Amino acid sequence: MISFIIIIVVRHNMRLGPLAMLLIVVFALSSNVCGVYWSSSVSANSSHWSIYRQSSNISFDLSSSVNGNISPVDISPIASRGRILSPYQSYYEEVSANDVRLRQRTSSLQGSYKSEDEIKMQSVVYPDEIEITVDKPAGTDLYTIEYKNEIWPVFIKASRALAYSGMQINNRDFEGNNGDFVGANFLYNHELSKEQMSIIWLKRLNATVLTTNDSIQLAEFKPTKYLGHEIVANTTGIADLSYLLRDSQYDVKHQNYPALSEREERYWGTYDLYRRINMKSVFEKINDTDGDADGWLPCCYAGWNDMMYFDKKSLGTDAKGVFDCTCYKEITKA
C-alpha cells in the first residue's frame, strides 16, 4: 500500500497564522495496473508552482532483428485492377515511467534495411510513505514545503544498430530523464548506418518550495538521475543533434526550469559522426536518525547548497565562502 503524510511544523511552539498560501495535494493508486501517481501545487498571490509524478511496477526485456529488402508488392493477381503497392517501412517504440522516457521512430522507402534492437526496462514503486512537510519558523512569514521519500526508481538500457541503403530513410531518437534530454534526428538519407546505446536511471526524488503568502521565493526539483548516450553514425542527409541539461531551481517569473546547458547542431551532407553525452545529478538524502545530522556540515560536499534558504540568510553573506569551500580552492591554487 502506498501512502502519504502532510505534516505542519511550527518552531518554538508559536501558533501558525492564517495560511493564505494554498497547498493542494492529490494522490491516487490504481490497483488494476499497479500504477500510482501524486501531484501537488503551491499557489501564492502572485506566483504558482506544481508537480506531477506517475509510475508503475514494470519489468520487461525486448529484442528484435530485421534484415531484408523493402520492395514493391504486386497485388494484381488478387485485385480486379492491376496495382502495385509502393514499398514502405515503419518502426516506432516508446517507453516511459516517472518521466524517464525513450522514444524511437524510423520510416524508409525502397531499399535494403537491417536493424537490431534491444531494450531492458525496470520500474518499481516502493511502498514507502511520501512525506510532505510544511514548516513556518517563528517570527517569519516564510513557509518551507518539502517533498521527501519518493523512491520510485526507473532503469532503462537500450541499444540499436541500423544500416540502410536506398531511396530515403528518416530516423528520430529521443531520450529524456526528468527534464534532461538528448535528441538525434537523421533525415532524408540515402545511406545511413548507426550504432547507438543509452543508459538511463532514476533513483529518487525530493523537492523544496519556499514561499510567503505573497509570492514563491524559491523552488527546487531534485531528482537523483543519470542519462548516458553514445552514438556512432554515417549519414548522407541531414543530421540534427541536440541536448539539454535542466537546472534544478525553478524560474518563478517564467514558470519553468531553465537550461544549465543546451546545444543544437545541424549537419547536411556526408559525415561520420560520434557523440557521447553523460548527464548526472546527485542529491544526497539526509538521514534524520543519524547522530551526526545536527553536527558539522559536510564541507566541500554540497553542504552549503543543501541548506535551506532561511538558514543561509541567518548566517550572513560572509559564511558562503567558508561552507562552499571557495576559500579552500583559492588556497590550494596558491
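All residue numbers here refer to positions counted from 1 along the written sequence of the relevant chain. Only residues with pLDDT of at least 70 are given local features in this predicted model, and only at 80 or more are side-chain atom pairs given and counted; all residues enter the totals for whole chains, interfaces and linings. Neither water nor hydrogens contribute to the side-chain values; these are computed over all heavy atoms in the structure.

## Topic: the overall build of the protein
Next up, step 1: Note on conventions: DSSP H or I runs of at least 4 residues are helices, E runs of at least 2 residues are strands, and numbering of each starts at the N terminus. Tallying secondary structure elements over the protein gives three helices and 18 strands in all.
Next up, step 2: Residue exposure (1.4 Å probe, protein chains only): buried if accessible area is under 20% of the type maximum, exposed if over 50%, otherwise partly exposed. Within the protein, buried positions represent 40% of all 334 residues.

## Section: the pairing of strand β15 (residues 216–235)
Next up, step 1: Buried residues dominate β15, accounting for 16 of its 20 residues.
Next up, step 2: Any two strands are treated as partners once DSSP identifies two or more bridges connecting them. Connecting strand β14 (residues 180–211) to the next strand, β15, in antiparallel fashion are four residues.
Next up, step 3: The sheet contact formed by β15 and strand β18 (residues 271–281) spans eleven bridges and is antiparallel. Among the inter-strand pairings, L227 is bridged to a residue of β18, identified as M279.

## Looking at the packing of aromatic side chains
Next up, step 1: For Phe, Tyr and Trp, rings pair up if their centres lie within 6.5 Å, where Trp contributes its six-membered ring, and each pair is then called stacked (planes under 30 degrees apart), edge-to-face (over 60) or tilted (otherwise). Considering all chains together, one arrives at eight aromatic pairs under this definition.
Next up, step 2: Between the aromatic rings of W38 and Y147, the centroid separation amounts to 5.7 Å while the plane-to-plane angle is 25 degrees, which identifies the pairing as stacked. With W38 in strand β3 (residues 35–43) and Y147 in strand β12 (residues 143–150), this pair connects stretches of sequence that are 109 residues apart.
Next up, step 3: Measuring from ring centre to ring centre gives 5.6 Å for F174 and F181, while their planes differ by 25 degrees; the resulting arrangement is stacked.
Next up, step 4: What makes F174 partly exposed here is its relative accessible area of 22%.
Next up, step 5: Residue F181 is classed as partly exposed on the basis of its relative accessible area, which comes to 24%.
Next up, step 6: Above the plane of the ring of Y91 lies R160, whose end atom (NZ or CZ) is 4.3 Å from the centre.
Next up, step 7: Over the aromatic face of W201 sits the side chain of K203, whose NZ or CZ is 5.2 Å from the ring centroid. Over a ring means this: the NZ of a Lys or the CZ of an Arg is within 6 Å of the ring centre and within 35 degrees of the ring normal.

## A few points about the nonpolar core
Next up, step 1: If you look at the biggest cluster of nonpolar residues, it comprises 21 residues, and the most contacted ones within it are W49, I145, Y147 and V209.
Next up, step 2: Elements with a minimum of two residues in this core: β3, β4 (48–56), β11 (130–136), β12, β14 and β15.
Next up, step 3: Definition used in this section: a nonpolar core is a set of buried Ala, Val, Leu, Ile, Met, Phe, Trp, Tyr and Cys residues joined via side-chain atoms within 4.5 Å. L102, A158, L227 and I277 belong to the second-largest nonpolar core, a separate cluster that totals 15 residues.

## Quick word on the confidence of the model for the protein
Next up, step 1: For the protein, per-residue confidence averages 81 on the pLDDT scale, and 72% of positions sit at 70 or higher.
Next up, step 2: Predicted confidence for residues 6–20 stays below pLDDT 50, and this span has 32 contacts to residues more than four positions away or in other chains.
Next up, step 3: The low-confidence segment residues 327–334 (pLDDT under 50) makes three contacts with residues lying over four places distant or belonging to another chain. Confidence per residue, as judged by the predictor, is encoded in pLDDT with a range of 0 to 100. Any two residues whose heavy atoms approach within 4.5 Å are treated as being in contact.

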